[in-house]
Amino acid sequence: MRNNKWLSHLETAIVSAKKGLPILSQLKNLFNLNFTRFVLIILILFVVDIYIKNYESRLLAEPAQMRLATHEADSIQALRQHIKEMDGFKIVCLGDSVVYGPTGGSRETIPFFLEKELRKKYPEKKINVFNFGYKGYGISESFLMLNTLRDTGVDMVVFGVNTSWLRRPQAIEYTNAAKVNPDVFQKSKVESLGVVLPAKDDIRWDRYISDFVTQNWALYRNRSNIAAAILGKSLGEKLYDGKYIVYDPISYQKQLIYWRDVFIPWYKKDYSKDFKKNTRKFGWISLDAKNPQVKFYQLILDLIKEEKMTAFFYTTPINYEMFDKYNKLDRSSLAKNMAKLQTISRPEETNFVDLSYALPGKYYSDSLHLLPPGNKQLAVRLATEISQKGLIK
Amino acid sequence: MTVTTWLFGFTLFITVPLYWLLPAAWRQYFLLFVSLVVLTVAAPKIVFLLLCLSIFAYHLGKILYNGTGKTGLFTISLIVPVGVLAYYKYTPMLVDSLNYFSRLSNYTGKLAIPPIAVPIGISFFTFKMLHYLIVCHKKEAVAHSFWSFLLYITFFPIFTSGPIERWPHFSVQVPVFSGSTLFTGIGRILVGLFKKKVLADNLVIFANMLQSPTVSGWGYWIAAYAYAMQIYFDFSGYSDIAIGSARLYGYEIMENFNWPYLQRNISQFWKNWHITLTSWFKDYIFIPLGGSRVPLYRIILNTLAVMAVTGIWHGAAWHFMLWGLYHGCGLMIWRFYSLLIKDSISERWQKSRIVHALSIIITFNFVVLGWVFFATEFSQSLHIIGKMLFII
């Protein structure tokens, strides 16, 4: 009996599918356009576009509160477009999740507090800070991100160098930024390091039209931001989550727990298992010229020089109290390596500062990520360093 | 230039209003001009080859249409487009295969694979030319103007990814402006963009798992379903955009898909999947080989031959041929079933909706399994099939 019922459901489903699923039929019907529907669609798009433009202009009063909604090329392109169009003194903060600020809201990040501090220090200047950091964006990804800024008239680049990335075995993980601005992108330099970049349709006219549409159509420019606002993430990222749920559920669960607990201070969490597994100590990094991350770091330095950008590089502060607690900090190696990194970093061009021990443990969510008060403290320190060095003229 | 690029959309946006503002007599020339400009911008290297082949096909078509039906000239006329297609698309594959076999025979020499760039749309425009020459030879139709023939070959909305329009269907059309024509076209383009950009492009994330060597059997099933939907939405999305764009200029292009995954047997699947290609092979290869009116062993051979060619048409690699042969075997099984078993099953059972539903499920899953051969290299496809059937 149950079997028959099941079969009859199946039968109904398939027969209705053959006729066209209700949703598909409706969709097909929706696009069965006539004059009235066409005008209605255009009007709706127009109204939504105006709303988004208005929303964007409110955000742009304090641009540092804008974070990349996703790391897809169109999100990067949207923020890049704002950087290009804004006036005033433009500062771009580059880096990974520490800069992005996953431990709080978009108004609790390092770039946001930095903007506030610098506006206080330089009220006569129209300081605009942009958060161009993203989760998982290491040194190599940061080079790609910096590349997209080549024609945007940026006045200063503030780069949070997280030395943990120097231990990453693969050269690069995310190459979305390479799709953003191929006309100015230093493709050959990246490919000389053996990195394969995504293929791009090479019709120049197509890119010009695409740029024109992106500049003038707010709704299109913000499409992945809108998707992220509706779904929590972009559709692509949602699907990637789905892929991990199917193909690597254990890692997915771990990640889920990590991002859930990122708002809690480290001392309320137990890291003993994680540290037990890891035999390496913080400070053991390779600054060998063969390390692909070092090569990318050199490319960043070259680009800064080439573009004559004012730069301020600082090392991401580490939670030394936590590392000490678990006996995972090799202070002498770290000191040696920081001295070496300082030499490599051409401090006369990058104004490199080592801030490894800048903040005590109470400000951290884990070994590296700062809680919002920590972000504020670091921003105050960065603003002080920037003003002492006279980088804003 | 593919139909999802901005340049394509911009071209439509600018040229459609201009096209309809022009006097009717000028429109065809304007559309030809636009098509040639688009092709020159997108693939300048192809234009000369295309013009030469078009001049050749147009004049040969006229001779064949007016001639006495001698097969020698007809054969030569077919060899040229086939030769061009073979040279550009299949030379690297042929050289690679020769190298492989020479390695097997312990011959150490190796032929260099020629760096031939495959011209965009070559599989489509050569098939349109071959079709045209055949209809001329059969004296069914002929182009009375070179320009209208050139427009048929180069018509930019359908140039890169079809459908493979037929000359008799295209040439009789007289584009007339109407609001419904425009809105149907725009609606169809929007549906196509949704299929391609939202559905197909996002399904790639799952479909790509077919390339991974370390996935479980269930994982491969999910990837294969995703690939099946992705390739359908991708290709039918392209077709929708092409058909919708042509509609904006007042042309009705032949349909390419009709719910292929909801068909109750593999024969029906092929009648509804890439319809213009399937009907091309049926009309110009299967039927000339004898169709279904020859002994059973010949039908088997003909079907396998046609499906092997269908496979290799999709890409210059042997796994595409394997995919074609897989479907050839499916068609054979269906034919045997129709001949030997079908009649012994009661008509009521055959017509029952449950059997209908189950037939669709079986056909769909057969097609899904086949996509593995299409999507991956030979050894990887065997590994995946083994895992999917839980043999390894």
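Residues numbered from 1 in each chain as written. Chains lettered and ligands numbered in written order. Predicted model: local features only at pLDDT ≥ 70, side-chain atom pairs only at ≥ 80, totals over all residues. Heavy atoms only, no water.

Next up on the list: the overall build of chain A. The secondary structure content of chain A amounts to 19 helices and four strands. Here chain A holds 393 residues, and 51% of them are scored as buried. Restricting the contact set of chain A to residue pairs at least 6 apart, pairs at least 24 apart contribute 80%. Put simply, chain A shows about 19300 Å² of open surface, and 57% of that area lies on carbon and sulfur atoms. (Helix = DSSP H or I, 4+ residues; strand = E, 2+ residues; numbered from the N terminus. Buried < 20%, exposed > 50% of the residue type's maximum accessible area, 1.4 Å probe, protein only. Contact = heavy atoms within 4.5 Å. Areas by Shrake-Rupley, 256 points an atom, 1.4 Å probe, with all protein chains shown as cover.)

Before going further, it helps to spend a moment on the overall build of chain B. For chain B, the helix and strand inventory stands at 16 helices and zero strands. Its C-alpha atoms give chain B a radius of gyration of 23 Å, within 12% of the compact-globule value 21 Å for 392 residues. Taking the principal axes of its C-alpha atoms as reference, chain B extends roughly 65 × 55 × 45 Å. Accessible surface, chain B as shown: approximately 18100 Å² in total, 70% of it carbon and sulfur. Distance from the positive charge centre (27 side chains) to the negative charge centre (12 side chains) of chain B: 4 Å. (Rg over C-alpha atoms; globule rule 2.2 N^0.38 Å. Lys, Arg positive; Asp, Glu negative; His and termini not counted. Charge placed at Lys NZ, Arg CZ, Asp CG, Glu CD.)

All names here are of chain B. Going through the model one piece at a time under the given rule, you end up with 65 aromatic pairs over all chains. With a centroid separation of 4.4 Å and 10° between ring planes, the pair formed by Tyr326 and Phe366 is classed as stacked. Placement of Tyr326 in helix α13 (residues 318-341) and of Phe366 in helix α15 (residues 353-375) is noted, with a sequence separation of 40 residues between them. Residue classification places Tyr326 among the buried residues on the basis of a relative accessible area of 16%. Directly above the aromatic system of Trp313 lies the positively charged group of Lys89, at a separation of 5.3 Å from the ring centroid. (Phe/Tyr/Trp six-rings, centres within 6.5 Å; stacked < 30°, edge-to-face > 60°. Lys NZ or Arg CZ within 6 Å of the ring centre and 35° of its normal.)

Now for the sheet that holds strand β2 (residues 127-131) of chain A. Residue and element names in this part refer to chain A. One open sheet holds the four strands; their spatial order is β2-β1-β3-β4, and the pairing between them is parallel. Since the sheet does not close on itself, it has two edges, and those belong to β2 and β4 (310-315), each with one partner. Between one strand axis and the next, the sheet turns through 20° on average, direction left out of account. By the bridge criterion, five bridges tie strand β1 (residues 89-94) to β2 in an arrangement that is parallel. In the sheet register, Cys93 faces β2, and the bridge partner there is Asn131. Most of the contacts of helix α6 (residues 110-121) go to β2, to which it runs at about 170°, and overall it touches β1, β2 and β4. (Pairing = 2+ DSSP bridges. Axes fitted to C-alpha atoms, helices over the stretch in contact; angles between N-to-C directions.)

On to the packing of helix α4 (residues 71-104) of chain B against helix α5 (residues 122-137) of chain B. Residue and element names in this part refer to chain B. One can describe the packing of α4 onto α5 by two numbers: an axis separation of 10 Å at closest approach and a directional angle of 175°. Compared by their axis directions, α4 and α5 come out roughly antiparallel. Together, Phe74, Ser77, Leu78, Pro81, Val82, Val84, Leu85, Tyr88 and Lys89 of α4 and Ile122, Ser123, Thr126, Phe127, Leu130, Leu133, Ile134 and His137 of α5 make up the contact between the two elements. Residue composition of the contact of α4 with α5, grouped by class: twelve nonpolar, four polar and one charged. (Parallel < 35°, antiparallel > 145°, perpendicular 65-115°, else oblique. Nonpolar A, V, L, I, M, F, W, Y, C, P; charged D, E, K, R; others polar.)

Moving on: the confidence of the model for chain B. Any segment with low pLDDT has predicted coordinates that should not be analysed in fine detail. Mean pLDDT over chain B: 90, with 98% of residues reaching 70 or higher. Scored as a whole, the predicted complex attains pTM 0.84, and scored at its interfaces, ipTM 0.77. (pLDDT = per-residue confidence, 0-100.)

For the rest of this paragraph, the subject is the packing of helix α12 (residues 235-247) of chain A against helix α8 (residues 179-207) of chain B. It is at 9 Å that the axes of α12(A) and α8(B) come closest, and there the two elements cross at 35°. With respect to the hand of their crossing, α12(A) and α8(B) are arranged in right-handed fashion. Contacts between α12(A) and α8(B) involve A:Leu235, A:Gly236, A:Leu239, A:Tyr240, A:Gly242, A:Lys243, A:Val246 and A:Tyr247 from the former and B:Val198, B:Asn202, B:Ile205 and B:Phe206 from the latter. The residue inventory of the contact of α12(A) with α8(B), partitioned by class, reads eight nonpolar, three polar and one charged. (Left-handed = near helix turned anticlockwise from the far one by under 90°.)

Within the largest apolar cluster, 95 residues are counted, with the highest numbers of intra-cluster contacts made by A:Tyr297 and A:Phe313. In terms of residue count, helix α15 (residues 292-306) of chain A provides more of this core than any other element does, eight residues in total. Not counting the four nearest positions on each side in its chain, A:Phe313 is found in contact with A:Phe159, A:Val161, A:Tyr297, A:Ile300, A:Leu301, A:Ile304, A:Thr350, A:Asn351, A:Phe352 and A:Val353. Membership of the second largest hydrophobic core comes to 73 residues, among which are B:Val16, B:Phe124, B:Leu133 and B:Ile243. (Core = buried A, V, L, I, M, F, W, Y, C linked by side-chain atoms within 4.5 Å.)

The next subject is empty space enclosed by the protein. Residue and element names in this part refer to chain A. For the structure shown, the criterion picks out two cavities of 30 Å³ or more. For the second largest cavity, the calculated volume is near 30 Å³. Together, Gly95, Asp96, Tyr137, Gly138, Ile139, Ser142, Phe159, Gly160, Asn162 and Trp165 line the second largest cavity. (1 Å grid on protein atoms, 1.4 Å probe; cavity = no way out; pocket = protein on both sides within 12 Å on 5 of 7 lines; lining within 4 Å. Points joined across faces, edges and corners; volume = space filled by probe spheres on them.)

This next bit is on the pattern of salt bridges. Counted by the stated rule, this structure contains 24 salt bridges over all chains. In this structure, A:Arg80 engages A:Asp151 in a salt bridge whose closest nitrogen and oxygen atoms are separated by 2.7 Å. Here A:Asp151 lies in the loop between α7 (139-148) and β3 (156-161) and A:Arg80 lies in helix α4 (residues 73-85), a separation of 71 residues in the sequence. By relative accessible area, A:Arg80 is classed as buried at 3%. For B:Lys196, the salt bridge goes to B:Asp234, with nearest N and O atoms at 2.9 Å. Residue B:Lys196 is found in helix α8, and its partner B:Asp234 is found in helix α9 (residues 217-248); the two are separated by 38 residues along the sequence. (Salt bridge = Lys/Arg side-chain N within 4 Å of Asp/Glu carboxyl O.)

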